[in-house]
Amino acid sequence: MPVLPVSPIKNKLKILGKYLDQTAMVGKLYDVMPPVLTGTAIGYGIYDTMKSSKEDRKKRAIKNASVLGFTVASALIATRGLKIKGKQLFEGIIELPEKDSEGIIEVLSKPLSQKAKMLIKKVQDDKILKFSEVKNLMQEFKEKLKDEKLISKIIPDAESEAPFADLLKLSWLGLIPVLGGITGGVVGDKLAKEDWKKQFPDKIKEGTYQYLNNIALCNVGAGLGAFTMNVFNVKSKTARFAAMMTGVLGVGLAAGNAIANFVGKNVINPVFDRNKTPNKKSVKEMFKNLNEERHPEALDVSLHLDDVASVGFVSGLKWIGPVLPMLYSVSAYRAGIGYRNGKIS
């Protein structure tokens, strides 16, 4: 049976995946994330404060500083862990990949061109290869050694040994910043001398909505997709990725808003609105006007782009791990300010 040629686009994507998954590249992304996340938060905080009215600007600045500060700190702690005076109080959720030193030495012993050996030694010295250099290296392995898979000894393959454990990690990674954002919102209200108790319910409601709709339920969908592939013993990475994304779209995007608002209306609201919410409701009333307090909007839909990253992380793409805190921080900020976009009864 003839082997079908690999399409140019698929080949470029394969090279791009290897380029991004270099251990030195992942390490660089990990190192730059704190200043990038902090700088982005400061920039948005200034923008959001300056667009408010002059009389509200001081309070807005205080609240933004608190919410964004707690959001950034909690997102970084979730990723990197927390160590005080040499004692590890909390292990980071994202683990950095390690280069295969023995594999690199093995490949260097093979009859390669001087240029290829020079590129491999760059990896050995923790330097980042250019896209064209990764391409040249893969091409030489394929044409000269007839073994393109040798690249995996230089740049580890995108593999995940425990996808369900990774999904649980992502759920924790999303929850910690959301809780941090809510905490920052409460502190900000207190510092701005506002009634934090009055605004606290909206923070819990929005935090629940953000976590369920934009984080947890999407991970559930991805898990169902992975479970289905395991049941049918499907090993194809493309098929597994597609199945997980189908689960994300089905559970997270299609049903996430309804499920999150159902929990908000029938579980969260009764806790805070005991005087407004009847003790007993019919099934019809439980599903009535689910979007009254919080309806989905363009940003909510765009936040599901992080689900592509999440599925990529579960699929074993190492470079995605360091950037996930940036994606989850949006949900954390909205929880912290208690964002609601509907009619509040």
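Data block above holds the structure.
The present account deals with the structure reproduced in this document. (Residues numbered from 1 in each chain as written. Predicted model: local features only at pLDDT ≥ 70, side-chain atom pairs only at ≥ 80, totals over all residues. Heavy atoms only, no water.)

## Things to note about a nonpolar patch on the surface
Here is the rule we go by: Any residue with relative accessible area above 30% and no salt bridge may belong to a patch, with like charges joined within 9 Å and the nonpolar Val, Leu, Ile, Met, Phe, Trp and Tyr side chains within 5 Å. Per-residue accessibility takes into account occlusion by the displayed protein chains alone, with areas from the Shrake-Rupley method and a 1.4 Å probe. For this document, the term salt bridge refers to a Lys or Arg side-chain nitrogen within 4 Å of an Asp or Glu carboxyl oxygen. Helix and strand labels come from DSSP, where a helix needs a run of H or I of at least four residues and a strand needs a run of E of at least two; each type is numbered from the N terminus.
Residues Ile 77, Leu 82, Ile 84, Leu 89 and Phe 90 make up a contiguous nonpolar surface patch of about 380 Å² in total accessible area. For the nonpolar patch, the secondary structure elements donating two or more residues are β1 (81-84) and β2 (87-91). By secondary structure assignment, the location of Ile 77 is in helix α3 (residues 54-80).

## What about the packing of aromatic side chains?
Going by this rule: Stacked, tilted and edge-to-face pairs are distinguished by plane angle, under 30 degrees for stacked and over 60 for edge-to-face with tilted covering the rest, among Phe, Tyr and Trp rings (Trp via its six-membered ring) whose centres lie within 6.5 Å. Remark: exposure states derive from per-residue accessible area (1.4 Å probe, protein chains only) relative to the maximum for the residue type, with buried under 20%, exposed over 50%, and partly exposed in between.
Per the counting criterion, the structure on display carries 6 aromatic pairs. Judged by centre distance (5.9 Å) and plane angle (75°), the rings of Trp 196 and Phe 200 are edge-to-face. Here Trp 196 and its partner Phe 200 are both found in helix α9 (residues 196-231), 4 residues apart, which amounts to about one turn of the helix. You can call Trp 196 partly exposed: its relative accessible area is 26%.

## A short note on unusual backbone geometry
If you check the backbone angles, Lys 85 has positive phi at about 55° while not being a glycine. Of note, Lys 85 is situated in the loop between β1 and β2. Positioned with a positive phi, Asn 289 is a non-glycine residue whose angle comes to about 50°. Position of Asn 289 among the secondary structure elements: in the loop between α12 (283-287) and α13 (298-303). On the basis of relative accessible area, Asn 289 is assigned to the partly exposed category, the value being 47%.

## What to know about the packing of helix α8 (residues 163-191) against α9
Using the following cut-off: Note on geometry: axes are C-alpha line fits, over the in-contact stretch for helices, and angles between N-to-C directions span 0 to 180 degrees. Note on terminology: angles under 35 degrees are roughly parallel, angles over 145 are roughly antiparallel, angles of 65 to 115 are roughly perpendicular, and the others are oblique. The classification used treats Ala, Val, Leu, Ile, Met, Phe, Trp, Tyr, Cys and Pro as nonpolar, Asp, Glu, Lys and Arg as charged, and all other residues, Gly among them, as polar.
At their nearest, the axes of α8 and α9 sit 10 Å apart, and the two run at 170° to each other. Classified by the angle between their axes, α8 and α9 sit roughly antiparallel to one another. Of the residues belonging to the contact of α8 with α9, the class tally is 15 nonpolar, 8 polar and 3 charged.

## Some points on the pattern of salt bridges
Between side chains of opposite charge, a pair can form as their charged atoms come close. Overall, the coordinates contain 16 salt bridges when judged by the stated rule. Salt-bridge contacts for Arg 60 lead to Asp 48; the nearest nitrogen and oxygen are separated by 2.7 Å. Highlighted residues: Arg 60 in helix α3 and Asp 48 in helix α2 (residues 23-50), separated in sequence by 12 residues. Arg 60 gets classed as partly exposed once you look at its relative accessible area, which sits at 28%. In this structure, Lys 122 and Glu 133 form a salt bridge, with 3.2 Å as the shortest nitrogen-oxygen distance. Within this pair, whereas Lys 122 is found in helix α5 (residues 114-124), its partner Glu 133 is found in helix α6 (residues 131-143), the two being separated by 11 residues in sequence.

## Structural notes on the nonpolar core
As a reminder of what qualifies: Definition used in this section: a nonpolar core is a set of buried Ala, Val, Leu, Ile, Met, Phe, Trp, Tyr and Cys residues joined via side-chain atoms within 4.5 Å. Contacts are assigned to residue pairs with any non-hydrogen atoms lying within 4.5 Å of each other.
Counting residues in each nonpolar core, the largest one holds 25 residues, and the members touching the most others are Leu 170, Leu 173, Ala 222, Met 244, Val 311, Phe 313 and Leu 324. Setting aside anything within four residues of it in sequence, one finds Phe 313 in contact with Ile 94, Asp 166, Leu 170, Ile 320, Gly 321 and Leu 324. Of all hydrophobic cores here, the second largest spans 18 residues; its members include Ala 116, Val 134, Met 138 and Ile 155.

## Observations concerning the side chain of Asn 341
This is how it is decided: Residues adjacent in sequence count toward polar contacts only when both atoms are side-chain atoms; beyond that, a polar contact is any pair of N or O atoms within 3.5 Å, and within protein one must be able to donate a hydrogen and the other to accept it.
The topology assignment puts Asn 341 in the segment after α15 (324-336). One polar contact links Asn 341 to Glu 297, side chain to side chain, over a distance of 3.1 Å. When residues no more than four places from it in sequence are discounted, the contact partners of Asn 341 are Glu 293, Arg 294, His 295 and Glu 297.

## A few points about the pairing of β2
Every other side chain in a regular strand lies on the same face of the sheet, so the side chains alternate between the two faces. The test is simple: Two strands qualify as a pair provided DSSP detects at least 2 bridges between them.
Direction of pairing for β1 relative to β2: antiparallel, over a ladder of 4 bridges. Within the sheet, the bridge partner assigned to Gly 81 lies in β2 and is Glu 91. Where β1 folds back onto β2 in an antiparallel hairpin, the turn is made up of 2 residues, including Lys 85, whose phi is positive at roughly 55°.

Without other data, these values stay purely geometric and don't point to any function.
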